[in-house]
Amino acid sequence: MIELESKSLVKVEDILQAFHQLKDVVAHTPLQRNDILSTRYQADIYLKREDLQHVRSFKLRGAYYKIASIEEQARKNSVVCASAGNHAQGVAYACAALAIRGTIFMPKTTPKQKVNQVRMFGGSFVDIRLEGDTFDDSAAAATVFATEQGAEFIHPFDDPDVIAGQGTVAVEILHELEGPVDYILASVGGGGLIAGVSTYTKSISPTTKVIGVEPSGAASMAEAFQQGQPVPLRSIDKFVDGAAVKCAGAQTFTIAKHFVDDLLAVPEGKVCTTILEMYNQHAIVVEPAGALPIAALDLVADDIRGKQVVVIISGGNNDISRMQEIKEKSLLYEGYLHYFLVKFPQRAGALRQFLHDVLGPEDDITTFEYTKKNNKESGPALIGIELHDPDDYEALIARFEHNGFEYKAVNTDSLLFELLI
């Protein structure tokens, strides 16, 4: 068994203690072999379905165990937390179950579905406050509030009890799966899940490779690995809200650096493609953070062939109102959807010519907006075109130029894309 020398870090015994305390509280979520993914990657792919947890994410484990560990102080002083959604739901669930008052800070960008779920799980025991645009903004506000009110701060990831609670996912996996587990893939935000899972896994099954997966637009743990310590990213893409953390935790970094074999980054667009595939092909609703490790299978396809692989679906709290955005991001990433600014010639029939001679016979226009409020016809139009095949793009551009239409490709201009799309 592998052991860490520092007494401040989480041990296997801590995780087992958390497991025994939580066994009658959390759901022992299914570990399911997925035939479609197993065939695709020529491997035995198992999905650990934390999307079927009581609060639809693994976060209940760490939140409940932490609050239960300090129940006397929490009951006296109340608790406070900051979360992009899932940790908040775990804290809310624990507060209601233990009859403890809690104040929950969430970013203003949190999907409405997650805010409503927190209200449902916490009921009259919790007060929700929306602060800032990112988790880090909310965490700063929550920390100030906890200090001023003397409340117990329940950190979403950088706390030994929280890490131990999250590590119980690995206890269930290794107890249930027969034969060697060659790979475990898990999403990484602040690092609580990967720290807990890697601690237990590497101590019980040292040959198992533990791989963390981050969104490309918020790869804070990878930056910490590179810099040798957690450092705040200048900016992050907030789309993968459950893993969009500017700075990895100090304790989670130390553990991950010791135990995690590799970190992978997945583009947000590929995450969206995976969300749609999981729904359409597997009838599984995953949130963006939950889709991360599934999306990463393509990156390790050669390595996992013939192996036994566990992918932890960390959560399924996906707001249905985001589906159009998810579909668009997927189409953009896969090369199907392209936006153009087009200046039409000042002559009759120009638009008809564009539709007949430029647009492909199986292409669709998804957006058509004049960019000027007055004298619309004298200004360019923003046009979104969904191609039948991504390989048709070069032919589309050739038809633009052959027919004399002035255009600007918006997809390739990050500033224009951000302003217009």
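Calculation criteria
- Residues numbered from 1 in each chain as written.
- Predicted model: local features only at pLDDT ≥ 70, side-chain atom pairs only at ≥ 80, totals over all residues.
- Heavy atoms only, no water.
- Axes fitted to C-alpha atoms, helices over the stretch in contact; angles between N-to-C directions.
- Helix = DSSP H or I, 4+ residues; strand = E, 2+ residues; numbered from the N terminus.
- Parallel < 35°, antiparallel > 145°, perpendicular 65-115°, else oblique.
- Left-handed = near helix turned anticlockwise from the far one by under 90°.
- Contact = heavy atoms within 4.5 Å.
- Nonpolar A, V, L, I, M, F, W, Y, C, P; charged D, E, K, R; others polar.
- Buried < 20%, exposed > 50% of the residue type's maximum accessible area, 1.4 Å probe, protein only.
- Pairing = 2+ DSSP bridges.
- Right-handed = clockwise from strand over helix to strand, strands pointing away.

Draft legend 1. Representation of the packing of helix α9 (residues 192-204) against helix α11 (residues 250-259) within the structure. Contact geometry of α9 with α11 gives a least axis separation of 9 Å together with a crossing angle of 40°. One finds that α9 runs oblique with respect to α11. Between α9 and α11 the crossing geometry is left-handed. Along its contact with α9, which presents Gly192, Ile194, Ala195, Ser198, Thr199 and Lys202, the element α11 presents Thr252, Ile255, Ala256 and Phe259. For the contact of α9 with α11, a count of residues per class yields five nonpolar, four polar and one charged.

Draft legend 2. The pairing of strand β7 (residues 183-187), seen in detail. Counting buried positions along β7 gives five out of five residues, so the element sits mostly inside the fold. Side chains Tyr183, Leu185 and Ser187 project from β7 onto one buried face, and the interleaved Ile184 and Ala186 project onto a second face that is buried too. In the sheet, β7 pairs with strand β8 (residues 209-215) via five bridges, with the strands oriented parallel. Counted as the bridge partner of Leu185 is Ile211 from β8. As a crossover connection, the stretch from β7 through α9 into β8 is right-handed. Examined bridge by bridge, β7 and strand β10 (residues 308-313) share three bridges and lie parallel to one another.

The analysis is restricted to geometry; functional conclusions fall outside its scope.
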